[in-house]
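Per-entry structural report
The chain contents come next:
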Amino acid sequence: FKKDSHLFQFKGGQLLKNIFKDFPSDFEKTLIKLVQAGKLENIDFVVDILRNYEGEPFLKEICREIVKHLPEGDRKRIGSVASVLDSTGVVMGEFGFVEAWQKRYDQIEDWLQDPDPKVRNFAERYRANLSNMIEQERKSAEEKIELRKHKYGKENK
């Protein structure tokens, strides 16, 4: 990581995902300890690993821990956490992204009651952003469906 951090996500991070595919609890605990140490380099390391898991629901708690330990105003790293959470991998159908992002939106609802104000603030901003993304994607999907109806004279799913 230290030697070639800009490629770590694609090399070391992917290797760790291959080894710990199901994100076992011991692996998660180890990563959380790294985050709790409070060093930004550790957080960058953990985020680069998490990017390989395509926003799986089990990432929620470690992402919450990262948000708690980030300095106020660290927009770059906050953006990285949001990116980890809303990553989807492959989606299917016209409304695939709408459905995937709606799940992400719902998954962090409990963050709105977190005792840590950084977590609550993150959740509010993240959910507002997801809400906009969902609405834009829904409109786009509906427009595509309408265009196909117009072009082919029927709904083509």
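I will try to describe carefully the structure that is included in this document. What you see is a predicted model; the values in this text were computed from it and never measured.

Turning next to empty space enclosed by the protein. This model, assessed by the stated rule, comprises one cavity of 30 Å³ or more. What the largest cavity holds in volume is close to 40 Å³. Along its surface, the largest cavity is lined by Gly 55, Glu 56, Pro 57, Leu 59, Lys 60, Leu 85, Arg 104, Gln 107 and Ile 108.

With a phi angle near 50°, Phe 23 is a residue other than glycine that sits in the positive phi range. Mapping Phe 23 onto the fold places it in the loop between helix H1 (5-19) and helix H2 (25-36). Among the residues examined, Phe 23 registers a relative accessible area of 5% and is labelled buried. One non-glycine residue, Glu 54, lies in positive phi territory at about 50°.

Once that is clear, we can look at the pattern of salt bridges. Enumeration over the complete set of coordinates arrives at nine salt bridges. Arg 77 is paired through a salt bridge with Asp 44; the nearest N and O atoms lie 2.7 Å apart. One end of the pair, Arg 77, is in helix H5 (residues 75-86); the other, Asp 44, is in helix H3 (residues 40-50), with 33 residues separating them in the sequence. The buried category is assigned to Arg 77, whose relative accessible area is 18%. The salt bridge involving Glu 94 is made with Arg 148; its shortest N-O contact spans 2.5 Å. Remark: Arg 148 occurs in helix H7 (residues 117-152) and Glu 94 occurs in the loop between H5 and helix H6 (96-107); sequence separation between them is 54 residues. Counted as one network, the salt bridges with shared partners bring together Lys 60, Glu 61, Arg 64, Asp 110 and Asp 114.

The rules behind the values
- Residues numbered from 1 in each chain as written.
- Predicted model: local features only at pLDDT ≥ 70, side-chain atom pairs only at ≥ 80, totals over all residues.
- Heavy atoms only, no water.
- 1 Å grid on protein atoms, 1.4 Å probe; cavity = no way out; pocket = protein on both sides within 12 Å on 5 of 7 lines; lining within 4 Å.
- Points joined across faces, edges and corners; volume = space filled by probe spheres on them.
- Helix = DSSP H or I, 4+ residues; strand = E, 2+ residues; numbered from the N terminus.
- Buried < 20%, exposed > 50% of the residue type's maximum accessible area, 1.4 Å probe, protein only.
- Salt bridge = Lys/Arg side-chain N within 4 Å of Asp/Glu carboxyl O.

Everything listed here is a matter of coordinates, which is why it stays silent on function.
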